[in-house]
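Chains, contacts and geometry: an overview
Listed below are the residues making up each chain.
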Amino acid sequence: MERDVATEPRRRLSKSERHRQLLDTARELIRDEGTDTFTLGRLAERAGVTKPLVYDHFGDRAGVLAELYREFESRQRETLEEALRGAAPDLAVVSRLVAGAYIDCCLAEGRELADVVAALAGSATLAQVRQEAEDEYLSMCRAALEPLGGPLDTASLAAIVGAGDALARRALDGSIDADRARTTLTQLVAALCRENTQDARTTER
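Now for a description of the structure that goes with this document. (Residues numbered from 1 in each chain as written. Predicted model: local features only at pLDDT ≥ 70, side-chain atom pairs only at ≥ 80, totals over all residues. Heavy atoms only, no water.)

**What about the pattern of salt bridges?**
Taken as a whole, this structure holds 19 salt bridges when the rule is applied. Put simply, Arg 20 and Glu 71 hold a salt bridge, and the shortest N to O gap is 2.5 Å. Of this pair, Arg 20 sits in helix α1 (residues 15-33) while Glu 71 sits in helix α4 (residues 61-84), and the two are 51 residues apart along the sequence. Judged by relative accessible area, Arg 20 falls into the partly exposed class, the value being 33%. Of the charged contacts in the structure, one is a salt bridge between Asp 104 and Arg 182, with a shortest N-O distance of 2.7 Å. You can see Asp 104 sitting in helix α5 (residues 91-109) and its partner Arg 182 sitting in helix α9 (residues 178-204), a full 78 residues away along the chain. For Arg 182, a relative accessible area of 24% translates into the label partly exposed. Overlapping salt bridges, with partners in common, bring together Arg 20, Asp 24, Arg 27, Arg 31, Glu 71, Arg 75, Glu 109 and Glu 112 in one network. (Salt bridge = Lys/Arg side-chain N within 4 Å of Asp/Glu carboxyl O. Helix = DSSP H or I, 4+ residues; strand = E, 2+ residues; numbered from the N terminus. Buried < 20%, exposed > 50% of the residue type's maximum accessible area, 1.4 Å probe, protein only.)

Right, dumping it as structure tokens:
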């Protein structure tokens, strides 16, 4: 006898499964509508759940945005770690891998990432979340680049992120192609490393 699937009750999601579903739905909602109109009420409506349930998972709008950004940063670190695994100890090679991983991860996240980053800038708490995640990512870049190009100061590391974000946005809106974005960021990373090496040598004299 065949089961009547239509009349069977749907399986109740576990708390972790529901949390995952809500985050995925939040990404879809931001992709479709941006962050300006993003609320937990809209998220509940899109996900087909009650508003109190969404508040129970995230507390407030900032909680959702913070989690989405932390997930992005986690994927970005994984992308960089994978790219650097087994890489030749050569500044040109590592600069290309660092730049490529940054641009590729931003492109994979799409426009919703840019919207989340913009929303993060409007809150001191969310800005701190971004800064902490960014610092962790840049510590990986520093560990990969410094043995090949000398010490990297805070300004140089900030320049890599700033340029990477700007180039990724341009690639996303079609102003430049992805290869150009990767090449330009690669050149910047290598140039910063070489400049810091020269500065260090000058200081030693």
